[in-house]
Structure formats: C-alpha cells, structure tokens
Amino acid sequence: MPEVAAAHPEGGVARRRGAVGPVALVVAGGLSVQFGSAVAVLLMPRAGALGVVTLRLILAALVLLAVCRPKVGGYARADWGTVLAFGAAMAGMNVLFYQAADRIPLGAAVTLEVLGPLVLSVVASRRLVSFVWAGLALAGVVLLSGGGFDRLDPVGAVFALAAGVMWAAYIVFSARTGRRFPQADGLALAMAVGAVLSLPLGIVEAGSKLLVPSTIALGLAVALMSSVLPYTLELLALRRLPAPTFAILMSLEPGIAATAGFLVLHQALSVTDALAIALVIAASMGAVRSQVAGKPKK
C-alpha cells in the first residue's frame, strides 16, 4: 500500500529494484536476439539464409538438449503434438524471417514481422480501441513501404509478413508447451524438431559449406545470441515479470533491430523509416495495454 511505502522507503526502493531486474533481463534478451540476427546476416554470404537457419537451430538444439536433458517418456500423444507444432512454427518463423532479412533491412523485417503478434493481440482483445492500434500499425507499415512494397523488395516484405504469422503461432504453441512440459524441456524438444525440419533445406542450399569450421563458429554465435541466451533470459524474467509488461517490452524489438542493423550492417534509416518503426512500436504497446485494461479486475 502507498502509506506503507512512505513509512518504509527502503521497501519501495527494494520493489523498484526487483522490477528493474527482470526488465533488464528482457531488454538484454532483445539486444542479444537482434544483434544475433545481424551476425546471421553477415553469415548468409557463406551459408545462405537456409544454411544459417539450419546452423542456428541445430546448434541451439544441441546446447539446450545438453543443458536440459529432457525426458522423452511419460507424455501423452497430445503433448507430443504440441511440441511438434511448436517446433514446426519455430522452424517456419526462422526460415521465413531469414529469407526476409536477406532481402530487406533488418529493422524493416522485424517491424513487418511484429505485425503477427500485434494482430494476435487485437483478435484476443476483441475491443474497439484495439482496432485503433491496428490502424496505427497499418499507418506505420504504409510509411515503411513508401506507398508500395517495391521500395523494400516485395518478396522480402512478403517473407517478413509470413514470418509474423508464424511468430503468432509460435507464441500460441510456446504457451501450450510451457503448460505441458516442465522447465525448458519442451523448448529443447521443440528446438530439436525445428532443427530436423530445417536440416534438408540447409543441406540443399549450403551443402558442405555447413561443415566449414569458421562457419560453424559463427553459426554457434548466432545460436547462442539468437536462441539460447535470449530464451534463458526471458524464462528467468517471466518468473518475476507480469506477462503484459513482458509483451510491451517485446514491442521494442523493431527499434532494437533497426539499431543492430545500423551498427553492425550499416543499414541507415531515413526519417520516414524511423517514424514508421516508432508507429508500429507505439501500436504494439497500446494494444497490449488496452488488452490488460479490458480484463475484469479480480
């Protein structure tokens, strides 16, 4: 209560520090995954977009399986169906996103991709104000496209939008997997499924290039930065952070991606592009806040 905090200011400070901790974990995870994506773009000339996806998923799966050591017995058929769907969504999201990042700037790719979770939030909310936020996001996308996606490369834009659809599916099946499997066991198993699904694509595109030691080393860096580290940080954060707050922080991903693209890949943003990304971030935050405000208080 406010009067307690006033009487014991150190308690208020402790609570603020407790809130800052998980927020810092989420932001660190966002920085890790987006800068990992920038490193992945640098790796694409060596192994191709599909080869990078394969390296990322396989190496991340090996690390997670070694750390988590998930058991494979004692689960129902529905549990395995959820893991398979989660792994398929993970593989599809990565394949489509890296195809997009190979064609359009990283910030633009993530901005278009984040529309998937945004639409999911609007549909889940079913409130009129959510459509206002959706309209704001649409305005940002129109600005980003310059009135036509040909400025961005239409194929890359379509891949990014499709990645957003898979991201929405990833969120749904990630939650279901978390309820059915203990700790990070479900994530490790789903990552293995995604790795198996992506392997034929990577072999067809990259072949023996996947076995070059320097390529494997960079692939391991991408796997750790884009999968293992951010997932671990997010898992720790979600134990102390409300899900709506987590979702709002995840809305910052396009801005982080644009920064990573500028610093690592030298992908400069125009004023219009920066405004477009800001509109999509604002729409995502607004949609999450509206969804929370619309829930009845217990």
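Our subject is the structure listed above.
Residues numbered from 1 in each chain as written. Predicted model: local features only at pLDDT ≥ 70, side-chain atom pairs only at ≥ 80, totals over all residues. Heavy atoms only, no water.

**Remarks on the nonpolar core**
With 72 residues, the main nonpolar core has Met90, Phe97, Tyr98, Leu112, Tyr170 and Met191 as its most contacted residues. Considering each element in turn, this core owes the most residues, 18 residues, to helix H2 (residues 9-68). In this structure phenylalanine 97 touches Ser37, Leu106, Ala109, Val110, Glu113 and Ala163, once residues within four positions along its chain are discounted. (Core = buried A, V, L, I, M, F, W, Y, C linked by side-chain atoms within 4.5 Å. Buried < 20%, exposed > 50% of the residue type's maximum accessible area, 1.4 Å probe, protein only. Helix = DSSP H or I, 4+ residues; strand = E, 2+ residues; numbered from the N terminus. Contact = heavy atoms within 4.5 Å.)

**Details of the packing of helix H3 (residues 77-101) against helix H8 (residues 185-206)**
Helices that pack against each other are described as a pair by the angle of their axes relative to one another and the distance between those axes. For the pair H3 and H8, the least separation of the axes is 7 Å and the interaxial angle reads 50°. Between H3 and H8, the angle is such that the two are oblique. H3 and H8 meet at a crossing whose hand is right-handed. On H8, the residues that touch Trp80, Val83, Leu84, Phe86, Gly87, Ala88, Met90, Ala91 and Val95 of H3 are Gly186, Leu187, Leu189, Ala190, Met191, Val193, Gly194, Leu197 and Leu201. Class assignment of the residues belonging to the contact of H3 with H8 gives a composition of 15 nonpolar, three polar and no charged. (Axes fitted to C-alpha atoms, helices over the stretch in contact; angles between N-to-C directions. Parallel < 35°, antiparallel > 145°, perpendicular 65-115°, else oblique. Left-handed = near helix turned anticlockwise from the far one by under 90°. Nonpolar A, V, L, I, M, F, W, Y, C, P; charged D, E, K, R; others polar.)

**Quick notes on the packing of aromatic side chains**
In this description, an aromatic ring pair is defined by two values, namely the gap between the centres and the angle between the planes. On inspection of all chains with the given rule, the structure shows five aromatic pairs. Taking the centre distance of 6.3 Å and the plane angle of 70° together, the rings of tryptophan 80 and phenylalanine 181 count as edge-to-face. Pair noted here: tryptophan 80 is in helix H3 and phenylalanine 181 is in the loop between helix H7 (154-180) and H8, with a separation of 101 residues, a long-range link. For phenylalanine 181, a relative accessible area of 3% gives the class buried. (Phe/Tyr/Trp six-rings, centres within 6.5 Å; stacked < 30°, edge-to-face > 60°.)

**A closer look at the pattern of salt bridges**
Under the defined criterion, the tally for this structure stands at one salt bridge. One salt bridge in this structure joins aspartate 79 and arginine 180, with 2.6 Å as the shortest N-O distance. Here aspartate 79 is found in helix H3, whereas its partner arginine 180 is found in helix H7, with 101 residues between them in sequence. Residue arginine 180 is classed as partly exposed on the basis of its relative accessible area, which comes to 38%. (Salt bridge = Lys/Arg side-chain N within 4 Å of Asp/Glu carboxyl O.)

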